[in-house]
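An overview of the molecular structure
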Amino acid sequence: MPGQLRLEIAAPVAEIIIDAPARRNAFNIEMWAALPGLIAEAEASPEARVIILHGGETGHFAAGADISEFETIYADRESAAKSRDTISDALDRLATCRKPVIAAIEGACVGGGVSLALACDIQIAAEDARFGVTPAKLGLVYPPGDTRRLLAAVGPAQARDILFTGAIFDAGRALRIGLVAELCAPGTALQTAKEKAARIAAVSQYSVREMKEIIAALGSPEGLDETEGRERFVQAATGPDFREGYLSFIQKRKPDFPTV
């Protein structure tokens, strides 16, 4: 796979694995370009209910963008715009994936690594992971989509501090400010993510996907139309997953949700 990205599927999980150890999993433009296709493949797989994005055996999630190619991909306005679109499209595709996505974070999660993590639904980080968003150290600006997701996660005050200083900070702060959802022992982020994925896979996938869309809509500039939101509830209340859910509760048995 171009750019050291690969997809592995073992029900109920699809793993998108970042494998560029020489660069601490820094993303080059080929990796950004390859990401949407892997997401689409995982999304289409009937075996995968949850997707986990992680850094494999490298010991790092993603140490930002591959600076060694900046002279090429940002050589002029045309190439800079093309690179911008490739990266933004990859992150938007990750954020809008219909299936829930978990980021399992070890080691470095910096710059574009934070962008990748924030485009996922749940972020699980090892206690010794390190974070930072560093465009100000390079004379760049953080793109609007990435900034919007950062604001939604940590709020304006923390976002300003992170972006204006470009400081590297620890996982404890990342948890306190809402950048990640959960911490785990070093070396166990992937296993912890798989355990979380198993719990998500055991509930109604219809419910999970509908609620993911509602959360995304409420956080978007357009918001969620109230009528549409009410209709989604009615559709769920009259659907097969809800019937199976409440009948299994009454009958004191494990639910067997029909929707994949």
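Cut-offs and rules
- Residues numbered from 1 in each chain as written.
- Predicted model: local features only at pLDDT ≥ 70, side-chain atom pairs only at ≥ 80, totals over all residues.
- Heavy atoms only, no water.
- Helix = DSSP H or I, 4+ residues; strand = E, 2+ residues; numbered from the N terminus.
- Expected span 1.5 Å × (residues − 1).
- Bend = angle between axes of the 7 residues up to and from the residue.
- Buried < 20%, exposed > 50% of the residue type's maximum accessible area, 1.4 Å probe, protein only.
- Contact = heavy atoms within 4.5 Å.
- Phe/Tyr/Trp six-rings, centres within 6.5 Å; stacked < 30°, edge-to-face > 60°.
- Lys NZ or Arg CZ within 6 Å of the ring centre and 35° of its normal.
- Pairing = 2+ DSSP bridges.
- Axes fitted to C-alpha atoms, helices over the stretch in contact; angles between N-to-C directions.

Let us look at helix α1 (residues 29-44). Taking 1.5 Å of rise per residue, the 16 residues of α1 would be expected to cover 22 Å, and the 24 Å separating its terminal C-alpha atoms lies within 8% of that figure. At L35, α1 shows its maximal bend, which comes to roughly 30 degrees, and the proline P36 appears one to four places after that position. Regarding α1, the residues found buried are M31, W32, A34, L35, L38, I39, A42 and E43. Residues of α1 that are buried sit in contact with β1 (5-10), β2 (13-18), β3 (50-54), α3 (77-95) and α4 (112-119).

If you walk through the whole model with that rule in mind, you get 3 aromatic pairs. Measuring from centroid to centroid gives 4.5 Å for F27 and W32, while their planes differ by 50 degrees, and the two rings are tilted. For the pair F27 and W32, one class covers both residues: buried. Between the aromatic rings of F131 and F169, the centroid separation amounts to 6.1 Å while the plane-to-plane angle is 20 degrees, which identifies the pairing as stacked. A residue pair is termed long-range when its members are at least 10 positions apart, and F131 in strand β7 (residues 130-132) and F169 in strand β8 (residues 169-170) qualify at 38 residues. Residue F131 shares its accessibility class with F169, and that shared class is buried. The ring of F169 carries the charged tip of R173 above its face, separated from the ring centre by 4.7 Å.

The sheet built from 3 strands is open, its strands ordered β5-β7-β8 with mixed pairing. This sheet does not close on itself; its edge strands, each paired only once, are β5 (108-110) and β8. Packed on one face of the sheet, α4 meets β5 and β7 and runs near 90 degrees to β5.

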